[in-house]
Amino acid sequence: MSEDKLPTRAEDFSEWYNQLVVKADLADYAPVRGCMVVKPYGWALWENITAWLDKEFKATGHVNAAFPTLIPMSFFEKEKEHVEGFAPELAVVTHGGGNELEEPLVVRPTSETIIGHMYAKWIKSWRDLPILIVQWGSVLRWEMRTKLFLRTSEFYWHEGHTAHATSEEAKEEMYRILDIYEDFCLSQAALPIIKGTKSETERFAGAQITTSIEAMMWDKRALQSGTSHYFGQNFAKAFEIQYLDNANTLQFCETTSWAISSRIIGAMIMVHGDDQGLVLPPRLAPTQAVIVPIFKSPEEKNKVMDVAERIFKELKAAGIRIKMDDRDNVSSGFKFNDWEMRGVPVRIEIGPKDVEKQSVALARRDRPGREGKTFVPQTGLDSALNLLLSEIQDSLLKRATEYRDANIHDPKDYEELKKVVQDGWAFSYWCESTECETKAKEDAKATTRNIPFEQPGHDGNCIVCGKTSKRKVYFARAY
RNA sequence: CGGGGCGUGGCGCAGUCCGGCUAGCGCGCUUGCUUUGGGAGCAAGAGGUCGGAGGUUCGAAUCCUCUCGCCCCGACCA
């Protein structure tokens with residue numbers, strides 16, 4: 001069954017990814033161009049992601065609400081940059097109930113406009129501020145080239161939309177959210193990320209400041225994994241979001257928006273996955289450990305299953321997301337490979353020998369083969385397993401961080417920059433001019449990812465033009 | 001939108017150039033028996049308007065015309 005194997009990442013990373021997403025049972029291709037079906041296993045993973053974020057947003061004073069999928073076309077025309085940014089990828093509804101509509105409706109590609117419209121209606125006084133709303137849902141963008149999770153026409157996300165009295169407050173909100181995103185990536189997804197500010201050309205359509213978290217995939221390309229925007233008064237002016245301050249003066253609000261999408265699943269796949277398949281961080285894995293019972297004769301089966309079921313109950317009671325693989329139509333060897341493909345962090349093998357010795361075999365997913373296999377006693381298995389899960393979580397982040405750091409270069413000159421970005425990132429001074437940015441993009445296909453908040457603290461020379469520059473930026477080929 | 005390729009059981013394909021009998025193969029699926037510590041074996045089954053429409057012909061998966069859809073490579077984005 002060699003066709004059941006994935007191509008290795010080195011052979012064909014793109015094909016490895018495409019096959020993995022389907023074989024790991026995360027998603028399937030939908031009968032609609034560019035769209036995906038998120039399968040139960042993939043959705044369970046998404047639910048673990050959303051649950052953590054939702055809890056964190058609520059803890060910082062945000063509330064959830066829902067706005068319509070359909071937005072009047074005219075709303076998009078109110079903010080010039082916004083409409084220019086999104087016009088090419090809008091899906092438009094022109095008919096309803098069998099008749100042509102008077103005004104076409106746009107299927108939301110993002111909700112700044114309709115939420116701005118509502119905020120204008122709701123906000124009257126400084127006492128109404130801040131307003132901190134999160135919407136969980138999906139949006140639609142007519143994409144040219146799609147890839148499951150990374151870029152599909154419809155994708156799932158949360159979009160936070162906030163309105164504030166002052167620009168300081170709004171900017172604080174933007175940074176606060178970026179910190180939550182960072183915390184999520186480090187503590188849950190085991191993704192090392194870099195926080196920073198986007199260049200003018202990479203900025204969100206209509207934003208004054210766009211910040212992002214950027215992650216390095218296995219193929220060393222960059223993936224924007226979350227964004228947080230400060231709009232200043234752009235949308236407030238377009239939608240007349242105004243309030244009376246405590247001196248009875250009419251003021252425009254300052255607004256923000258921010259998002260992490262189902263794309264983050266693609267990031268986890270491309271950062272942690274290996275040639276056997278998916279590798280999921282234990283904190284987010286829908287199944288943290290799977291029990292594979294092994295037996296030959298019916299007598300053996302009885303003995304093994306007694307122990308396996310007892311252990312299953314114990315671990316479940318201990319709060320571990322555990323699964324029993326009692327399928328009798330596939331061999332245990334098949335099951336090993338199957339669960340490795342699905343990225344389950346730990347496999348618990350229980351066979352006649354283990355029943356005899358009152359032990360089990362633990363195989364950790366992040367270290368395939370014999371190296372990752374240990375035999376432990378059945379007593380105290382829950383704490384041993386919890387310890388192992390936490391070790392795996394830490395080890396994934398450590399490994400990904402080392403890999404990223406080893407592939408970030410500090411080129412001496414522009415020639416070297418062009419070379420290093422073919423297989424890594426460059427961290428270089430940049431004069432922040434669009435000319436130099438465009439030149440790098442044309443010469444090396446590398447774009448500026450972000451200007452990180454952490455800087456050396458002294459000036460340097462722009463890697464492209466040599467001019468004295470204040471800050472360094474990451475250049476990389478990006479998804 | 002430009003270039004390249006493909007539509008044949010659930011999936012992957014052969015057959016198409018050069019028309020010919022009941023359209024094959026692998027995987028998967030179903031049932032049974034033997035198996036099970038790293039992707040099991042045997043046997044018997046189920047499953048197809050050959051993307052669609054029209055045409056040529058005694059006869060079309062195969063030839064002609066039109067059409068629909070998808071995938072891959074180049075200009076956008078979370």
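Residues numbered from 1 in each chain as written. Chains lettered and ligands numbered in written order. Predicted model: local features only at pLDDT ≥ 70, side-chain atom pairs only at ≥ 80, totals over all residues. Heavy atoms only, no water.

Novice: Where do I start with the overall build of chain A in this structure?
Specialist: Tallying secondary structure elements over chain A gives 14 helices and 26 strands in all. Taken over C-alpha atoms, the radius of gyration comes to 25 Å for chain A, in line with the 23 Å a tight globule of 479 residues would show. For chain A, buried positions account for 54% of its 479 residues. Put simply, 69% of the contacts in chain A that link residues at least 6 apart link residues at least 24 apart. Carbon together with sulfur atoms contributes 50% to the accessible area of chain A, which is approximately 21,900 Å² in total. Between the averaged position of the 61 positive side-chain charges in chain A and that of its 71 negative side-chain charges there is a distance of 3 Å. (Helix = DSSP H or I, 4+ residues; strand = E, 2+ residues; numbered from the N terminus. Rg over C-alpha atoms; globule rule 2.2 N^0.38 Å. Buried < 20%, exposed > 50% of the residue type's maximum accessible area, 1.4 Å probe, protein only. Contact = heavy atoms within 4.5 Å. Areas by Shrake-Rupley, 256 points an atom, 1.4 Å probe, with all protein chains shown as cover. Lys, Arg positive; Asp, Glu negative; His and termini not counted. Charge placed at Lys NZ, Arg CZ, Asp CG, Glu CD.)

Novice: Teacher, can you tell me more about the protein's contact with RNA strand B here?
Specialist: In the vicinity of RNA strand B, 42 residues are found, and the nearest of them are Met144, Arg145, Arg263, Ser331 and Asp354. Counted by atom, the contact set of RNA strand B within 4 Å of the protein is 40% sugar and phosphate. With seven residues, the top contributor of residues to the surface near RNA strand B is helix α10 (residues 332–341). By residue class, the composition of the surface near RNA strand B is 13 nonpolar, ten polar and 19 charged. (Near = heavy atom within 4 Å. Nonpolar A, V, L, I, M, F, W, Y, C, P; charged D, E, K, R; others polar.)

Novice: Would you mind going over the sheet that holds strand β9 (residues 194–197) with me for this structure?
Specialist: Strands belonging to one sheet form pairs held by backbone hydrogen bonds; the direction of such a pair is parallel or antiparallel. The strand order β3-β7-β8-β14-β11-β10-β9-β23 describes an open sheet built from eight strands, whose pairing is mixed. Each edge of the sheet is formed by a strand with only one pairing partner; in this case those strands are β3 (63–64) and β23 (451–452). Judged from the four bridges that link them, β9 and strand β10 (residues 209–216) form a sheet pairing that is antiparallel. Across the sheet, the residue bridging to Lys195 is Ile213, located in β10. Packing against the sheet, helix α2 (residues 40–59) makes contact with β3, β7 (131–140), β8 (154–164) and β14 (254–261), and its axis sits at approximately 165° to β7. (Pairing = 2+ DSSP bridges. Axes fitted to C-alpha atoms, helices over the stretch in contact; angles between N-to-C directions.)

Novice: What is the right way to look at the nonpolar core in this model?
Specialist: Soluble globular proteins: nonpolar side chains tend toward being buried together. Ile49, Phe149 and Ile269 are the most contacted members of the largest nonpolar core, which totals 56 residues. Ile49 has contacts with Phe184, Ile264, Ile265, Met268 and Leu284, leaving out every residue within four places of it along the chain. In terms of nonpolar packing, the next biggest core, distinct from the first, is built from 28 residues, Ile71, Ile133, Ala238 and Cys253 among them. (Core = buried A, V, L, I, M, F, W, Y, C linked by side-chain atoms within 4.5 Å.)

Novice: Please explain the packing of aromatic side chains as it appears in this structure.
Specialist: Aromatic rings considered in pairs are described by the distance between their centres and by the relative angle of their planes. On inspection of all chains with the given rule, the structure shows 18 aromatic pairs. Judged by centre distance (4.3 Å) and plane angle (15°), the ring pair of Phe427 and Tyr474 falls under stacked. Taken together, the residues span a long stretch of sequence, with Phe427 in strand β21 (residues 425–430) and Tyr474 in strand β26 (residues 471–476) at a distance of 47 residues. The exposure class assigned to Phe427 is buried, which follows from its relative accessible area of 16%. Sitting over the face of the ring of Tyr479, Arg221 holds its NZ or CZ atom 4.0 Å from the ring centroid. Above the face of the Trp339 ring, Arg342 is positioned so that its terminal group lies 5.7 Å from the ring centre. (Phe/Tyr/Trp six-rings, centres within 6.5 Å; stacked < 30°, edge-to-face > 60°. Lys NZ or Arg CZ within 6 Å of the ring centre and 35° of its normal.)

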